[in-house]
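Topology and contacts: notes
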Amino acid sequence: MGKTPKYQQVADQLTRLIEEGAFGPGAAAPSVRKLSQQWKVSITTILKAYYLLEARGLLIPRPRSGFYVSSQLPSAPREPALSDPEPDPSTVGMRELITMIVLRDTLNPKLTQLGAAHPAQELTATRQLNRIMASAARRMGDRAGLYMAPPGNKPLRQQIVRHAVVAGCTLDADEIIITSGCGEAVSSCLQAVCRPGDTVAVESPICFDVFQYMENLGLKALEIPTHPRDGISLEALGFALENNSVQACLVISNFNNPLGSCIPDERKKALVKLLATHDIPLIENDIFGDIHFSTKRPLSAKAFDTHGLVLWCASFSKTLSPGLRVGWAAPGRYRSTVAWLKYSTSLATATLPQVAVAEFMAEGGYRKHLRRIRRVYQDRVAELRRAVIRFFPSDIRVTDPAGGYLLWIELPESIDALALYRTALDEGIAITPGHLFSTGDRYGNFIRLNAANWSDEATPAIRRLGRVIDRMSKAG
Ligand SMILES: Cc1ncc(COP(=O)(O)O)c(C=O)c1O
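Residues numbered from 1 in each chain as written. Predicted model: local features only at pLDDT ≥ 70, side-chain atom pairs only at ≥ 80, totals over all residues. Heavy atoms only, no water.

Further remarks concern unusual backbone geometry. Of the consecutive residues P150 and P151, the connecting peptide bond is found in the cis state with omega at 15 degrees. Relative to the assigned elements, P151 resides in the loop between α5 (126-140) and α6 (154-164). Of note, the bond from S204 into P205 is cis; its omega dihedral lies within 30 degrees of zero at 5 degrees. Positive phi outside glycine occurs at K40, with the angle close to 55 degrees. Topologically, K40 is positioned in the loop between α2 (32-39) and α3 (43-55). Its relative accessible area of 73% is what places K40 among the exposed residues. Even without being a glycine, D279 presents a positive backbone phi close to 55 degrees. (Helix = DSSP H or I, 4+ residues; strand = E, 2+ residues; numbered from the N terminus. Buried < 20%, exposed > 50% of the residue type's maximum accessible area, 1.4 Å probe, protein only.)

We now examine the pairing of strand β2 (residues 66-69). Regular strands place side chains that alternate from one sheet face to the opposite one. When strand β1 (residues 59-62) meets β2, the two strands line up antiparallel, connected through four bridges. Directly across from P61, in β2, lies its bridge partner F67. Following β1, the chain reverses through three residues before pairing antiparallel with β2; R64 in that reversal takes a positive phi of roughly 60 degrees. (Pairing = 2+ DSSP bridges.)

Moving on, we get to the pattern of salt bridges. Tallied over the full model, the rule gives 16 salt bridges. Between D265 and K268 there is a salt bridge, and its shortest N-O distance comes to 3.0 Å. Residue D265 and its partner K268 are located together in helix α10 (residues 265-277), separated by three residues, close to a single helical turn. By relative accessible area, K268 is classed as buried at 0%. In this structure, the salt-bridge partner of R297 is D286, at a minimum N-O distance of 3.0 Å. Here R297 is found in the loop between β10 (282-285) and β11 (310-315), whereas its partner D286 is found in the loop between β10 and β11, with eleven residues between them in sequence. No difference in accessibility class separates R297 from D286, as the two residues are buried. Here the salt bridges share partners, and the residues they tie into one network are D286, D290 and R297. (Salt bridge = Lys/Arg side-chain N within 4 Å of Asp/Glu carboxyl O.)

It is worth spelling out helix α14 (residues 417-426) at this point. Residues of α14 that are buried include every one of A417, L418, L420, Y421, A424 and L425, and no others. Along α14, the residues classed as buried sweep out an arc of 155 degrees about the axis, all on the same side. At the N-terminal boundary of α14, the capping side chain belongs to D416, with an oxygen 3.0 Å from the backbone nitrogen of L418. Among the residues trailing α14, G428 stands out with phi positive, at a value near 85 degrees. (Arc of directions from axis to C-beta. Polar contact = N/O pair within 3.5 Å; in protein donor to acceptor, adjacent residues only side chain to side chain.)

Close to the ligand lie 13 residues; C182, N257, S315, S317 and K318 are nearest. Separating an oxygen atom of the ligand from a side-chain N or O atom of S315 is a distance of 2.7 Å. R325 has a polar side-chain atom sitting 2.9 Å from an oxygen atom of the ligand. Look at the ligand: alone it shows 400 Å² of surface, and the protein chains cover 89% of it. Per element, the largest residue contribution to the shell around the ligand is three residues, and it comes from helix α7 (residues 181-193). Taken together, the residues of the shell around the ligand break down into four nonpolar, six polar and three charged. (Near = heavy atom within 4 Å. Areas by Shrake-Rupley, 256 points an atom, 1.4 Å probe, with all protein chains shown as cover. Nonpolar A, V, L, I, M, F, W, Y, C, P; charged D, E, K, R; others polar.)

Summarising the element assignment, L465 is placed in helix α15 (residues 459-475). Taking C-alpha positions, L465 is 51 Å from R139, a pair spaced 326 residues apart along the chain. Filtering out sequence-adjacent residues up to four positions away, L465 remains in contact with F392, L420, A424, I429 and I431. (Contact = heavy atoms within 4.5 Å.)

This paragraph deals with the domain arrangement of the protein chain. By a widespread convention, an interface's size corresponds to the accessible area lost as its parts come together. In terms of domains, the protein chain is made up of domain 1 (6-69), domain 2 (90-122 + 368-475) and domain 3 (141-365). Contact with domain 1, which involves eight residues of that partner, is made by five residues of domain 2. There are zero salt bridges connecting domain 1 and domain 2. Where the side of domain 1 that touches domain 2 is concerned, the elements lending two or more residues are α1 (6-19) and α3. When its residues are assigned to classes, the side of domain 1 that touches domain 2 shows three nonpolar, two polar and three charged. (Domains from an automatic or database assignment.)

It is worth spelling out the sheet that holds strand β16 (residues 432-433) at this point. Taken in spatial order, the four strands make up an open sheet running β13-β14-β17-β16, and their pairing is antiparallel. Whereas interior strands pair on both sides, the edge strands pair on one side only; in this sheet they are β13 (397-398) and β16. Sheet analysis places strand β14 (residues 406-410) next to strand β17 (residues 446-450), joined by five bridges and oriented antiparallel. Counterpart to E410 in the pairing with β17 is F446.

Written out as structure tokens, the structure reads:
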């Protein structure tokens, strides 16, 4: 995909000006000719931008008079409040719902996919990596068929170490273990630090994968209140540690799935310190950290680890391609246990994907790819958010994440997100109901929407979803 078309850049610039109040509701937009002269772009470009803004509901054309800013600009709704999960540890059991949603609906090409947190296919680097894998296969011959047992391909580990510098980490390649995705990294790290029956303090809400791993390992979840921007509440975590027997803590430090929260770097430092004083390991899932919208990557909690107690986990699934199954863990003092667990569970991660990612990174492809996808995802999140604000009832709350591609939306209390999920399917739309993001039923009126595949063509789907929500909230 090339760079953003000029008219879209113009439309985005105008959207920002309208949102900042440079043109109030009902005001005349600058004439097409004048703006074309001022901004040194063609009249056609300005016109296309104005039509796009009309489609977005920001401008209204008046015959023979030009374009006017809509007098009913969608007002920005509030973000959800600090979460308020169950105060006690609970056992985890959610296999059926997950299987139903993840396996059945996310693979259905007939649905408008706003559900699963998969990246957009055209924003993966699958084609480039396929080419590198083909050439590596020719070069390596039979060696491409050998196991690449833990810790995994050394050049790849060296590249990850180089990349980790932007996350504030000074690591050695020997500290990294290549895994089959972030999922295997997190699951192995949980197994390395916990025994069945142990309790893990987790951010709430948190992605259901985490509950899946915990269910498999017979662990209990203690859900900790989490802020939609600042992540896990350190105050609530401190209280929980004083009053419960907790063996590990797990956070999605940068752009939590589904909340979008990003723990500010200073608070990450405090989090690592708090856990170290209790000698409790922190499993840090940093799978979205590279998709940040500001110029600087947020640090990882691992950057503040002086005791080997942070087990940093990530993968290339959100950035390069989920099908590669290449991820990693930097498990600190649990390195040899995690390496053994990886070996005894899946022996090795596939050879060619490891080699290909290492080569792609070495030639600067990863950094370049990230620069491109960050901008596109930022635009898509903003567009989906705008559509939600425009078409959903005005009393909803929606997050405003600074990275990733997910929105977490609180609907009126009368809405059952599971019933909404079913009705949305009838309308040809896949969404993810909030029930999946907690062991309790705290998020029964929340949904997660994925902006990765957003395009203006998906606007009617959000309009229909808005109508369904409106109907349901009136009936409820
Ligand atoms: C927060 C989070 N962790 C882990 C995973 C799984 O990652 P991988 O495909 O690299 O195993 C996902 C995928 O959706 C995710 O969203």
